[in-house]
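# Working through the structure, step by step
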Amino acid sequence: MSHDITVLGLESSCDDTASAVVRGREILSSVVADQTALHAAYGGVVPEIAARAHVEKLDLCVERALAEAGMSFSEIDAIAVTAGPGLIGGVLSGVMMAKGLSVATGKPLIGVNHLAGHALTPRLTDGLDYPYLILLVSGGHCQFLRVEGPTTFSRLGSTIDDAPGEAFDKTARLLGLPQPGGPSVEQHTRFGDDLRFVFPSPLLDRPGCDLSFSGLKTALLRQRDQLVADQGGLHKQDVDDLCAGFQAAIRDVLIEKSKRALNASEGLSGFAVAGGVAANTELRAALETLSANHGIPFVAPPLALCTDNAAMIAYAGAEKFAVEGADDLTLTARPRWPLDRAAPAALGSGKKGAKA
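Presented here is a report on the structure given in the accompanying data block. (Residues numbered from 1 in each chain as written. Predicted model: local features only at pLDDT ≥ 70, side-chain atom pairs only at ≥ 80, totals over all residues. Heavy atoms only, no water.)

### Overview of the overall build of the chain
Counting secondary structure elements, the chain contains 10 helices and 12 strands. At 20 Å, the chain has a C-alpha radius of gyration in line with the 21 Å of a compact globule built from 356 residues. In terms of principal-axis extent, the alpha carbons of the chain reach across some 65 × 45 × 40 Å. Relative to its full complement of 356 residues, the chain shows a buried share of 53%. Sequence-distant contacts in the chain: of pairs separated by 6 or more residues, those separated by 24 or more amount to 71%. For the chain, the accessible area works out to roughly 14,600 Å², and carbon and sulfur atoms hold 52% of it. Distance from the positive charge centre (31 side chains) to the negative charge centre (41 side chains) of the chain: 5 Å. (Helix = DSSP H or I, 4+ residues; strand = E, 2+ residues; numbered from the N terminus. Rg over C-alpha atoms; globule rule 2.2 N^0.38 Å. Buried < 20%, exposed > 50% of the residue type's maximum accessible area, 1.4 Å probe, protein only. Contact = heavy atoms within 4.5 Å. Areas by Shrake-Rupley, 256 points an atom, 1.4 Å probe, with all protein chains shown as cover. Lys, Arg positive; Asp, Glu negative; His and termini not counted. Charge placed at Lys NZ, Arg CZ, Asp CG, Glu CD.)

Right, dumping it as structure tokens:
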């Protein structure tokens, strides 16, 4: 079997329940059931609610993905599932269902690292050759990776605290904007002045590619509180300008760190961005300009493949299967699962292993 096998993918690491059928680089179907309405009242994802929703939706998503692909289980060659990292209840739901399907159908089981799914998306969408550099930027993770193969990744730098998506979500909560925070903040930046408020540029005074975003959130909180104290509340223009300044600060830090990562890398076939925050149009445009200045191809997946989806899991599973074969029923759900296992932990470590 090669990586052109037909794979059924399952994804349930956070608040999107997804299933897809992929053959080679062809996405035959991709179904995503989001949980935005379920968590709207809580200002963020509630793990217990997410896990229960996955249990209710996984089988329906699989059924629909097969139907849209016009296939039955007999035509599927393997089953790939996100086995971590993520919210453990959701990851466990997906892993257990994949195991059940594998036993019932006799199809090989492939456990996929969710981050590898994002990191290999440029190969699914554009056929990008190894090695390439990718900025994986999402709600829970932010890191620069040199992608050498389906399971071979070298980390050049990562966040030491909040990921950008997490910072966007917290900023939205501070300003009373709906979740998910990234799209809400971006919408307000269109009417804002990004020069009105000055936000810090964390870690730019230090060498290397590591990042920090928690200070930006604190700076925005203080600016918000100062405005409330001075004028008794926030006006719409205040919110627009705060969003614009905040997004510009994140963009500028990511661009400078991306420049450093590119300067530290050789022999690349391209530079890519993936993950939920890669859907930010201003960031994508700035990264594309940076890549052009370095004379290197730039790859940004379609917006639907930036956020969590099962097509990337199915494709990553096929690539992993081609070099490592299938997993057995001892496959476990993992809340933490660094891609570069040789790199020191950037966010600490504990009984469950390194966070990133």
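### A few points about the packing of aromatic side chains
Under the criterion given, the structure shown has four aromatic pairs. A ring pair is formed by Tyr130 and Tyr132, whose centres lie 6.1 Å apart and whose planes are at 5 degrees; its orientation type is stacked. Under the relative-accessibility criterion, Tyr130 is labelled partly exposed at 23%. A ring pair is formed by Phe168 and Phe246, whose centres lie 5.5 Å apart and whose planes are at 80 degrees; its orientation type is edge-to-face. Residue Phe168 is located in helix α5 (residues 164–174), and its partner Phe246 is located in helix α8 (residues 236–263); the two are separated by 78 residues in the primary sequence. The pair formed by Phe168 and Phe246 is uniform in burial state, with each residue classed as buried. Of the aromatic side chains, those joined through ring pairs into one cluster are Phe168, Phe199 and Phe246. If you follow Arg123 out to its NZ or CZ, it ends over the ring of Tyr130, 4.0 Å from the centre. (Phe/Tyr/Trp six-rings, centres within 6.5 Å; stacked < 30°, edge-to-face > 60°. Lys NZ or Arg CZ within 6 Å of the ring centre and 35° of its normal.)

### Quick look at the state of the cysteines
By the definition in use, this model includes zero disulfides. Free of any disulfide, Cys142 has its nearest neighbouring cysteine sulfur in Cys209, separated by 11 Å. Under the relative-accessibility criterion, Cys142 is labelled buried at 2%. We note that Cys306 lacks a disulfide partner, and the nearest cysteine sulfur, in Cys142, lies 14 Å from it. (Disulfide = S-S within 2.5 Å.)

### So, the sheet that holds strand β2 (residues 16–23)
Ordered by their spatial adjacency, five strands build an open sheet running β3-β2-β1-β4-β5, and the pairing between neighbours is mixed. Here the strands that pair on one side only, and so sit at the sheet edges, are β3 (26–34) and β5 (109–113). In this sheet, adjacent strand axes meet at a mean angle of 20 degrees when their direction is disregarded. Bridge analysis of strand β4 (residues 78–84) against β5 gives five bridges, and the strand direction is parallel. Counterpart to Ala80 in the pairing with β5 is Ile110. Taken strand by strand, helix α3 (residues 88–105) contacts β1 (6–11), β4 and β5, and its axis lies near 160 degrees from that of β4. (Pairing = 2+ DSSP bridges. Axes fitted to C-alpha atoms, helices over the stretch in contact; angles between N-to-C directions.)

### Looking at the environment of Arg284
Positionally, Arg284 belongs in helix α9 (residues 281–294). Once residues lying within four places of it in the same chain are set aside, the contact partners of Arg284 are Ala278, Ala279, Phe298, Ala300, Pro301, Leu303 and Cys306.

### Quick word on the sheet that holds strand β6 (residues 132–137)
Backbone-to-backbone hydrogen bonds pair the strands of a sheet. The strands run either parallel or antiparallel. Spatially, β8-β7-β6-β9-β10 is the arrangement adopted by the five strands of the open sheet, whose pairing is mixed. If you trace the sheet from one side to the other, it starts and ends with β8 (152–158) and β10 (298–299), each paired once. Two elements, β6 and strand β9 (residues 271–274), share four bridges in a ladder whose sense is parallel. Bridge pairing in β9 links Leu136 to Ala274.

### Describing the packing of helix α6 (residues 181–189) against α8
Relative to each other, α6 and α8 sit at 110 degrees, their axes nearing to 7 Å. Judged by the angle between their axes, α6 and α8 are roughly perpendicular. Helix-helix and strand crossings are classified by hand; for α6 and α8 the assignment is left-handed. Seen from α6, the contacting residues are Val185, Glu186, His188 and Thr189; seen from α8, they are Val239, Asp240, Cys243, Ala244 and Gln247. Along the lines of polarity and charge, the residues of the contact of α6 with α8 split into four nonpolar, three polar and two charged. (Parallel < 35°, antiparallel > 145°, perpendicular 65-115°, else oblique. Left-handed = near helix turned anticlockwise from the far one by under 90°. Nonpolar A, V, L, I, M, F, W, Y, C, P; charged D, E, K, R; others polar.)

Read these as spatial facts, not as claims about activity.
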